[in-house]
Amino acid sequence: MPSTAVWLMPIILPFLYLLYRRFGAYFPLACIVCYGAVSLVCNYDILTVVYFCALFFAFCGLLISCQLSPYLACVAFAAVVAAVGALFGAGVVRLAEGAPVSDIAERYVLAERADPVISFFARDYYEHTELAPNEIRLEPDDDGYALAAATAFSEWAGDEFGHYIWYYCIHYGALAGAVGYLIAVVINRRTASCYDCGATEAEIKLSTRALGGVRVETVPIAEMKMPRAYLWSCMLPAAIAAIVLEFVGGYDFLSATIMHSFVTLPSAFGCFTLFAYFASLFKGKACTVANTVLVIIGIAAVIFPLALFALSMIGICDCILNLRFWTRFIIED
């Protein structure tokens, strides 16, 4: 079901990088090409086009980002390229279908209303939305209930994606790219390749023979942080632009996209690395528990937008107060 693939993207991308680390770039690239060719030939779906483009761009961006320095440039490059890939896929679908994104989304929901995922969201939306005064709400046992739910949901999807397609592509693409880079950092620090920068003979002997190299020293996640300059160089201009758009009116989708791209996502990344720093302070079994909690927090941030927003608020506080410094101050006192 292509409707489920968006949830698998943050899992598939790290697995592809693991294949790169072990076998080099050709094998994972061949996997991506085969996936796109087989799925498009055997079961064409517009979501598959978007996923194929996003996955190809995200993987190439991830490989390049692991060869760059410093780490902020790495994670930004991985996230931006993945988001560009998703937008590129949406553009390909727009050109292939020859219709506005809103019409494409509306037609797709109606055509794929038998899909379990789409059917679930359609029924949930139909049960909780307000209908027109002259429209009667059908019961699940009534004839035509599935079509009525899909029709109502398709109208919402057309309006939502017609305005917020940039927002969703940037959101899911950037999350997939950032998650892929963070897991790639873990993989790089636990393996060694003869093509790595500064790899020693002892490290290579202790590791599985890896063909995919990394040309820079990998910084641990716990040592990554958003600098205070982020507040005035990125967050402040985005906030000003969003305020101006609110005064102008009619650009809610653009304001949300700007704030999400330049404030929510980077701040959430800073919060996650802060939690990774806290987890690194534990030792023994407590360290295992702390890392497990860290992984659960990361999964929740990827799945639930509210959790991502909460992390972004903590990330902004960390930029302002430098919570790492005060943590060390309290521990050493």
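In what follows, the structure referred to is the one given above.
Description of the structure in this document. (Residues numbered from 1 in each chain as written. Predicted model: local features only at pLDDT ≥ 70, side-chain atom pairs only at ≥ 80, totals over all residues. Heavy atoms only, no water.)

### Brief notes about the overall build of the chain
Logical step 1: Helix and strand counts for the chain stand at 13 helices and zero strands.
Logical step 2: Listing every helix and strand of the chain by position from the N terminus yields α-α-α-α-α-α-α-α-α-α-α-α-α.
Logical step 3: A compact globule built from 333 residues would reach a C-alpha radius of gyration of about 20 Å, and the chain, at 22 Å, matches this within 12%.
Logical step 4: For the C-alpha atoms alone, the extent of the chain along its principal axes is close to 70 × 50 × 40 Å.
Logical step 5: The buried share of the chain, taken over its 333 residues, is 42%.
Logical step 6: By element, 70% of the accessible surface of the chain is carried by carbon and sulfur atoms, the whole surface being about 18200 Å².
Logical step 7: Side-chain charges of the chain comprise 18 positive and 27 negative groups, with the mean position of each set lying 18 Å from the other. (Helix = DSSP H or I, 4+ residues; strand = E, 2+ residues; numbered from the N terminus. Rg over C-alpha atoms; globule rule 2.2 N^0.38 Å. Buried < 20%, exposed > 50% of the residue type's maximum accessible area, 1.4 Å probe, protein only. Areas by Shrake-Rupley, 256 points an atom, 1.4 Å probe, with all protein chains shown as cover. Lys, Arg positive; Asp, Glu negative; His and termini not counted. Charge placed at Lys NZ, Arg CZ, Asp CG, Glu CD.)

### Let's talk about the environment of P133
Logical step 1: Mapped onto the elements, P133 comes out in the loop between α6 (116-128) and α7 (145-190).
Logical step 2: Residue classification places P133 among the exposed residues on the basis of a relative accessible area of 88%.
Logical step 3: Placed 44 residues apart in sequence, P133 and G89 show a C-alpha to C-alpha distance of 39 Å.

### Focus: the pattern of salt bridges
Logical step 1: One pass over the full model with this rule turns up two salt bridges.
Logical step 2: The partner of E97 in a salt bridge is R107, with the nearest N and O atoms 3.6 Å apart. Of this pair, E97 sits in helix α4 (residues 71-97) while R107 sits in helix α5 (residues 101-111), and the two are 10 residues apart along the sequence.
Logical step 3: Residue class for R107 comes out partly exposed when judged on its relative accessible area of 44%.
Logical step 4: A salt bridge links R324 to D318; the nearest nitrogen and oxygen atoms lie 3.2 Å apart.
Logical step 5: On the basis of relative accessibility, which here comes to 3%, the residue D318 falls in the buried class. (Salt bridge = Lys/Arg side-chain N within 4 Å of Asp/Glu carboxyl O.)

### Digging into the packing of aromatic side chains
Logical step 1: Applying the stated rule across the entire model yields 22 aromatic pairs.
Logical step 2: Ring centres 5.4 Å apart and planes at 45 degrees place the aromatic pair Y17 and Y20 in the tilted group. Taken together, the positions of Y17 and Y20, both in helix α1 (residues 5-23) and three residues apart, correspond to about one turn of that helix. Of the two residues examined, Y17 and Y20, each falls in the buried class.
Logical step 3: Aromatic pair F275 and F278: ring centres 6.4 Å apart, planes at 35 degrees, arrangement tilted. Here F275 pairs with F278, and both are found in helix α10 (residues 252-280), just three residues apart, close to one helical turn. (Phe/Tyr/Trp six-rings, centres within 6.5 Å; stacked < 30°, edge-to-face > 60°.)

These figures capture arrangement, not role.
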